[in-house]
Amino acid sequence: ALSFQSVADNMQKLGNMNVHYIAISATFLTPEIAKAYNIQRSRFNGLVNISVMDNTIEGNPAKTVSITGTAKNLTGQKKDLEFTEVKEGDAIYYLGQVNYRNDETIIFDLSITDGKDTQTLKFSQKFYVD
């Protein structure tokens with residue numbers, strides 16, 4: 001129920017990982033989905049969804065990883081992010097939450113470790129209060 005592939009999905013190849021990522025307003029989630037995954041549904045709360053696929057195996061199956069990182073706005077205010085692993089069948093998602101203000105750009109700096117290799121994913125997202 002958390003498939004975000006159809007919503008402006010971004011992907012970066014990082015070593016042996018294909019990392020799909022998206023940051024959206026938590027209001028895009030239905031109240032039922034937000035409750036099921038313990039996500040605060042608010043006009044000022046964003047959801048970061050990361051999924052990692054193993055690009056060394058045919059079919060690129062989902063890969064279990066460890067993700068740490070920070071979110072920073074353009075004035076330098078920084079927040080550590082915590083990610084929760086969600087498994088749905090063969091899919092694995094890592095969900096994190098970040099607060100924002102209207103018309104605010106958040107810069108994400110994440111470290112993704114698959115046990116033997118650590119890669120860095122950096123991206124930014126502009127959020128609006130709806």
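All values reported here derive from a predicted model rather than from experimental measurement.

Visitor: Explain the sheet that holds strand β1 (residues 10-14) to me, please; I cannot follow it from the model alone.
Guide: Two pairing modes exist for strands in a sheet, parallel and antiparallel, and in both the strands are linked by backbone hydrogen bonds. Pairing in this open sheet of five strands is antiparallel, and the strands run β1-β2-β3-β7-β6 from one edge to the other. The strands lining the two open edges of the sheet, one partner per strand, are β1 and β6 (84-88). Strand-to-strand twist of the sheet, defined as the mean angle between neighbouring strand axes without regard to direction, takes the value 25°. Alignment of β6 against strand β7 (residues 91-99), held across five bridges, turns out to be antiparallel. Across the sheet, Thr84 pairs through a bridge with Leu95, a residue of β7.

Visitor: Quick question: what am I supposed to make of the sheet that holds strand β5 (residues 78-81) here?
Guide: An order of β5-β4-β8-β9 is seen for the four strands of this open sheet, with the pairing classed as antiparallel. A strand with exactly one partner marks an edge of an open sheet, and here the two such strands are β5 and β9 (118-127). Mean inter-strand twist for the sheet, computed between neighbouring axes without regard to direction, equals 20°. In this structure, strand β4 (residues 66-73) lies alongside strand β8 (residues 104-113), joined through eight bridges in antiparallel fashion. The residue bridging Asn73 from the neighbouring strand is Ile106, located in β8.

Visitor: What is the right way to look at the environment of Thr70 in this model?
Guide: Position of Thr70 relative to the elements: it lies in strand β4. The buried category is assigned to Thr70, whose relative accessible area is 17%. In the structure, Thr70 is positioned 24 residues away from Gly46 in sequence and 14 Å away in space, judged by C-alpha atoms. Among residues more than four places away in sequence, those in contact with Thr70 are Lys78, Lys79, Asp80, Leu81, Ile107, Phe108, Asp109 and Leu110.

Visitor: Explanation requested: the environment of Ser42 in the structure shown.
Guide: Mapped onto the secondary structure, Ser42 falls in the loop between α1 (31-36) and β3 (45-54). We classify Ser42 as buried; its relative accessible area is 18%. The spacing of Ser42 and Ala26 is 16 residues in sequence and 6.1 Å in space, taken between C-alpha atoms. Not counting the four nearest positions on each side in its chain, Ser42 is found in contact with Ser25, Ala26 and Thr27. Looking at Ser42, its side chain comes within polar contact range of the main-chain nitrogen of Phe44, at 3.0 Å.

Visitor: What is the right way to read unusual backbone geometry from this model?
Guide: In terms of backbone geometry, most residues other than glycine have negative phi values and most peptide bonds are trans. For Asn38, which is not a glycine, the phi torsion comes out positive at approximately 55°. Looking at the element boundaries, Asn38 is found in the loop between α1 and β3. Relative accessible area serves as the criterion here: at 67%, Asn38 is assigned to the exposed category. At Asn60, a position not held by glycine, the phi torsion is positive, near 45°. The topology assignment puts Asn60 in the loop between β3 and β4.

Visitor: Help me understand the pairing of β4 in this model?
Guide: Regular strands place their side chains on alternate faces of the sheet. Pairing of β4 with β5 involves four bridges; the strand directions are antiparallel. Note on β5: the bridge partner recorded for Lys72 is Lys78. The antiparallel pairing of β4 with β5 creates a hairpin that spans four residues between the two strands, and Gly76 there sits at a positive phi of about 95°.

Calculation criteria
Residues numbered from 1 in each chain as written. Predicted model: local features only at pLDDT ≥ 70, side-chain atom pairs only at ≥ 80, totals over all residues. Heavy atoms only, no water. Pairing = 2+ DSSP bridges. Helix = DSSP H or I, 4+ residues; strand = E, 2+ residues; numbered from the N terminus. Axes fitted to C-alpha atoms, helices over the stretch in contact; angles between N-to-C directions. Buried < 20%, exposed > 50% of the residue type's maximum accessible area, 1.4 Å probe, protein only. Contact = heavy atoms within 4.5 Å. Polar contact = N/O pair within 3.5 Å; in protein donor to acceptor, adjacent residues only side chain to side chain.

Fair warning: the whole summary comes from geometry, so function is off the table for now.
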